[in-house]
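# Coordinates in review
This is what each chain is made of:
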Amino acid sequence: MSDPVVLRGGTVLTMDDSHTVLADADVLVEGDRITAVGPRLAAPEGALEIDASGGIVMPGMIDTHRHMWQTAMRGYGADWTLTQYFVWYYLEHGRKFRPQDVYAGNLIAAWESLEAGVTTTVDWSHGLQTVDHAEAAVDALSAVPGRFVLAYGNIQAGPWEWTADPAVRSFFARHSATDLLGLQLAFDVTGDPAFPEKAAFEAARELGLPVTTHAGVWGATNDDGIRLMHEHGFMTPETTYVHAATLTTDSYQRIAATGGSISVATESEQSAGQGYPPTWQVRRHGIPVSLSQDTSVWWSGDIFSAMRATLSADRAREHLDAHAKGNTVTHHPLRAEQVVEWATRGGAGTLRRDDLGSLAPGQKADVVLIKNDSSPVSFPLLNPYGHVAFQAQRGDVHTVLVNGRVVKRDSRLVGVDLDALRRTAADTVDYLRSELGEQAWASGMFPDLAATERLENPYQYTDYRAPGGSAQ
Ligand SMILES: [Zn+2]
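So, here's what we can say about the structure. (Residues numbered from 1 in each chain as written. Predicted model: local features only at pLDDT ≥ 70, side-chain atom pairs only at ≥ 80, totals over all residues. Heavy atoms only, no water.)

### Observations regarding the overall build of the protein
Note the threshold: Here a helix means four or more residues in a row that DSSP labels H or I, a strand means two or more in a row labelled E, and each is numbered from the N terminus. As a reference, a globule follows 2.2 Å times the number of residues to the power 0.38, and the radius of gyration itself is taken over C-alpha atoms. Relative accessible area decides the class of each residue, using a 1.4 Å probe on protein chains only: under 20% of the type maximum gives buried, over 50% gives exposed, and in between gives partly exposed. Residue contacts are counted whenever heavy atoms from the two residues lie within 4.5 Å of one another. Each accessible area is a Shrake-Rupley estimate made with a 1.4 Å probe; only the visible protein chains count as cover when residues are assessed.
Within the protein one finds 15 helices and 17 strands. Relative to the 2.2 N^0.38 estimate, which gives 23 Å for 472 residues, the radius of gyration of the protein is 24 Å and therefore close to what a compact globule would have. Here the C-alpha coordinates of the protein stretch approximately 80 × 70 × 50 Å along the principal axes. By the burial criterion, 55% of the 472 residues in the protein qualify as buried. Summarising the internal contacts of the protein: among those between residues at least 6 apart in sequence, 75% fall at separations of at least 24. Summed over its atoms, the accessible surface of the protein is roughly 20,200 Å², and 51% of this surface lies on carbon and sulfur atoms.

### Some remarks on the sheet that holds strand 6 (residues 61–66)
As a reminder, the rule being used: DSSP-based pairing: two strands are paired if at least 2 bridges between them are found. Between N-to-C directions, angles span 0 to 180 degrees; the directions come from axes that are lines fitted to C-alpha atoms, helices contributing only their stretch in contact.
Taking strand neighbours across the sheet as the criterion, the 8 strands line up as 6-7-8-9-10-11-12-13 in an open arrangement whose pairing is parallel. One side of each edge strand has no neighbouring strand; the edge strands of this open sheet are strand 6 and strand 13 (289–291). Averaged over all pairs of adjacent strands, the angle between strand axes in this sheet comes to 25°, irrespective of strand direction. Where strand 8 (residues 147–152) and strand 9 (residues 181–186) come together, 5 bridges link them in parallel fashion. Residue pairing across strands places tyrosine 152 opposite leucine 185, the latter belonging to strand 9. Against the sheet, helix 2 (residues 99–115) touches strand 6, strand 7 (118–125) and strand 8, its axis set at about 150° to strand 7.

### So, helix 8 (residues 249–258)
For clarity, the cut-off: Each direction from the helix axis to a C-beta atom contributes to the arc, which is the arc of those directions.
Here helix 8 has its buried residues at Ser251, Tyr252, Arg254, Ile255 and Thr258. Projected down its long axis, helix 8 shows its buried positions confined to an angular sector of 160°, all on one face. Of the surrounding secondary structure, the elements contacted by the buried residues of helix 8 are helix 7 (223–231), strand 11 (240–243), strand 12 (261–264) and helix 10 (279–282). Looking at the residues trailing helix 8, positive phi occurs at glycine 259, about 85°.

### Examining empty space enclosed by the protein
Just so we agree on the cut-off: Whether a set of points on the 1 Å grid over the protein atoms alone is a cavity depends on a 1.4 Å probe fitting there but being unable to get out, while an open set qualifies as a pocket with protein on both sides within 12 Å along at least five of seven lines; lining residues are those with an atom within 4 Å of a point. Grid points are joined across faces, edges and corners, and a volume is the space filled by probe spheres set on the points. As a working rule, the residues Ala, Val, Leu, Ile, Met, Phe, Trp, Tyr, Cys and Pro are called nonpolar, Asp, Glu, Lys and Arg charged, and the rest polar, with Gly in that last group.
Scanning the entire structure with this criterion turns up 3 cavities of 30 Å³ or more. Roughly 100 Å³ of internal volume is contained in the largest cavity. Forming the walls of the largest cavity are 14 residues, and the residues nearest its centre are Ile370, Lys371, Asn372, Ser378 and His387. For the lining of the largest cavity, the per-class residue count stands at 5 nonpolar, 7 polar and 2 charged. A volume near 50 Å³ is recorded for the second largest cavity. Lining the second largest cavity are Val189, Thr213, His214, Ala215, Gly216, Thr221, Asn222, Gly225, Ile226 and Met229. Among the secondary structure elements, those contributing two or more residues to the lining of the second largest cavity are strand 10 (211–215) and helix 7.

### Let's talk about the pattern of salt bridges
In a structure, side chains of opposite charge can pair up when their charged atoms sit close to one another. Short version of the rule: Put simply, a salt bridge is a Lys or Arg side-chain nitrogen that is within 4 Å of an Asp or Glu carboxyl oxygen.
Applying the stated criterion across every chain, the model contains 32 salt bridges. The partner of lysine 364 in a salt bridge is aspartate 32, and the shortest N-O contact between them spans 2.8 Å. You can see lysine 364 sitting in the loop between helix 12 (336–350) and strand 14 (367–370) and its partner aspartate 32 sitting in the loop between strand 2 (21–30) and strand 3 (33–38), a full 332 residues away along the chain. With a relative accessible area of 5%, lysine 364 lands in the buried category. Measuring nitrogen to oxygen at the nearest pair gives 3.3 Å for the salt bridge that ties glutamate 202 to lysine 198. Here lysine 198 and glutamate 202 lie together in helix 6 (residues 198–207), a separation of 4 residues that amounts to about one turn. One salt-bridge network, in which partners are shared between bridges, spans Asp32, Arg33, Arg147, Asp179, Arg353, Asp355, Lys364 and Asp366.

### A few points about the coordination of the zinc ion
How we decide: Water is not among the atoms examined, so metal sites may look incomplete; donors are the N, O and S atoms within 2.8 Å of the metal, or within 3.2 Å for Na, K and Ca. Under this scheme a four-donor centre is tetrahedral when all angles range from 85 to 135 degrees, a four-donor centre is square planar and a six-donor centre octahedral when opposite donors are above 155 degrees with the rest from 65 to 115, and any other centre is irregular.
Around the zinc ion, the protein supplies His65 (NE2), His67 (NE2), His214 (NE2) and Asp294 (OD) as donor atoms, at distances of 2.1 to 2.6 Å. If you look at the zinc ion, its 4 donor atoms make angles of 77 to 174° with each other, and the shape they trace is irregular. On the primary sequence, the residues serving as donors to the zinc ion are separated as H-x1-H-x146-H-x79-D. Residue histidine 67 is found in the loop between strand 6 and helix 1 (82–91), and its partner aspartate 294 is found in the loop between strand 13 and helix 11 (303–324); the two are separated by 227 residues along the sequence. The burial state of histidine 67 is the same as that of aspartate 294; both residues are buried.

### Digging into the packing of aromatic side chains
For clarity, the threshold we go by: Planes of paired rings set the category: under 30 degrees apart is stacked, over 60 is edge-to-face and the rest tilted, where pairs are Phe, Tyr or Trp rings (Trp by its six-membered ring) whose centres lie within 6.5 Å. Criterion for a charge above a ring: Arg CZ or Lys NZ at most 6 Å from the ring centre, at most 35 degrees from the ring normal.
Tallied over the full model, the rule gives 26 aromatic pairs. A centroid spacing of 5.3 Å and a plane angle of 50° characterise the contact between tyrosine 152 and phenylalanine 172, whose relative ring orientation is tilted. Placement of the pair is tyrosine 152 in strand 8 and phenylalanine 172 in helix 5 (residues 166–174), with a sequence separation of 20 residues. Residue tyrosine 152 is classed as buried on the basis of its relative accessible area, which comes to 1%. Here a set of aromatic residues connected by ring pairs shows up, and it is made of Trp69, Tyr76, Trp80, Tyr85, Phe86, Trp88, Tyr89, Tyr90, Phe97, Trp298, Trp299 and Trp441. One residue, arginine 98, lies across the ring of tyrosine 431, its end atom 3.6 Å from the ring centre. Geometry around tyrosine 276 places arginine 317 over its ring, the cationic atom sitting 5.0 Å from the centre.

### Points about the side chain of glutamine 274
Inclusion rule: Any pair of N or O atoms that falls within 3.5 Å is considered a polar contact. Within protein, one atom must be able to donate a hydrogen and the other to accept it, and sequence-neighbouring residues count only if both atoms are side-chain atoms.
Relative to the helices and strands, glutamine 274 is located in the loop between helix 9 (266–272) and helix 10. Given a relative accessible area of 2%, glutamine 274 falls into the buried group. Only 3.5 Å separates the side chain of glutamine 274 from the side chain of histidine 243, close enough to count as a polar contact. Of note is the side chain of glutamine 274, whose polar atom sits 3.4 Å from the backbone nitrogen of glutamate 269.

### Some points on the packing of helix 2 against helix 14 (residues 418–436)
Here is the rule: Orientation categories follow fixed angle ranges, with anything under 35 degrees roughly parallel, anything over 145 roughly antiparallel, 65 to 115 roughly perpendicular, and all other angles oblique. Rotating anticlockwise by less than a right angle from the far helix to the near helix defines a left-handed crossing, while the corresponding clockwise rotation defines a right-handed one.
It is the contact of helix 2 with helix 14, at a shortest axis distance of 9 Å, that shows an interaxial angle of 140°. As summarised for this structure, helix 2 and helix 14 are arranged oblique, according to the angle between their axes. Both helix 2 and helix 14 take part in a crossing whose hand is left-handed. For the pair formed by helix 2 and helix 14, the contact residues are Gln100, Asp101, Tyr103, Ala104, Leu107, Ile108 and Trp111 on the first element and Leu421, Thr424, Ala425, Thr428 and Tyr431 on the second.

### Considering the packing of helix 7 against helix 8
The relative placement of two packed helices comes down to the angle between their axes together with the axis-to-axis distance. Interhelical geometry of helix 7 versus helix 8 gives an angle of 35° and a closest axis separation of 9 Å. For the pair helix 7 and helix 8, the crossing hand works out as left-handed. For the pair helix 7 and helix 8, the contacting residues are Asp223, Ile226, Arg227 and His230 in the first and Ser251, Arg254, Ile255 and Thr258 in the second. Across the contact of helix 7 with helix 8, the residue classes break down as 2 nonpolar, 3 polar and 3 charged.

In structure tokens, the structure reads:
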């Protein structure tokens, strides 16, 4: 049991039902729970006092879709499209990952989450080719003091195959969901009219596990998959639809009517090509939204980026649609406050965890303090939601608590062995690089550039003659 902790004098974004914001307020944590929120709280003797003045105290953030196993290849695919990603991970090199490589990626990604104030992360773990890979994934998640959900998947086999594998069933006999490590099944629905995924949904039902699925991904999954799920009764409130970027109104209505939620990974959708980041459509249907960062092989595990990108993409779409009709957007339909909610309560809703995502007595003590006294960006603090969404970044995360335990303090992770992490990542990189060979390694990282056409320009600057002057 951790010592009590009190964060003093911050701007507190409670994210409670009425989104109460308190100035110069305290948050008291005892054991694994928040026990009080308010001004000048009395704290038990021996409580750790943390000065939150000038900072923002908010609930721990939640990422509902990240392929953590890919993190040992951090940044390698920065210039990929979805096709290059599929070839690399699904068809070619992803098969080479050993259990220790999954472990390495998960371990780094898990610490990366805590570093960024992401206290709960769904590990969308679709590289589990064997149960040994799955055990390695769990070992890594269990070695880091964050809250995680292992979404078990295997892109190298059909979901109807691997969910029926006795070894996989024995994995779920050995592991059941806990407060700090939840479980889901992760697989996609191709839209094949024979609906082979039916057996996998039945396995999920039998195991009592929610399903998370990449839905509405251009060229990969579409309305047929949603319709098949709906017709067979597998669209449930605990189902997560990741991306959901290229779906019709009919599919959004089926999702809305069955209570599931959409995990929007805006940086991913913008860059990889799953479809336009869908919040501008999704919010018109009242479908619950959470945010995600997908994979650090392209982007970061920093959910501040997700909030920023999501606001920008949603607003860009509203402007473009208005301009196409000759109109102007005079008032934004999406506020910074909404993306902060999606990053906190939204994630809690997706995971059916009412005890996460807000700061109130009785809630689990997952708490983040954003404060950086040595940065000119930390003041003035006028609009705290705007500050979180557009001004802050993970380096400004000063303190993080998970389940009442301080895991980041004074801007540094507590108890992390970065040298060991570095060695673990280097081992995986050395192994994959030698397996691939230098040429495949380099061409995988730097795909051929697409040809771009330079447009003809009738104006030549050498012809320009300023009024009353000579040629410029
Ligand atoms: Zn994904």
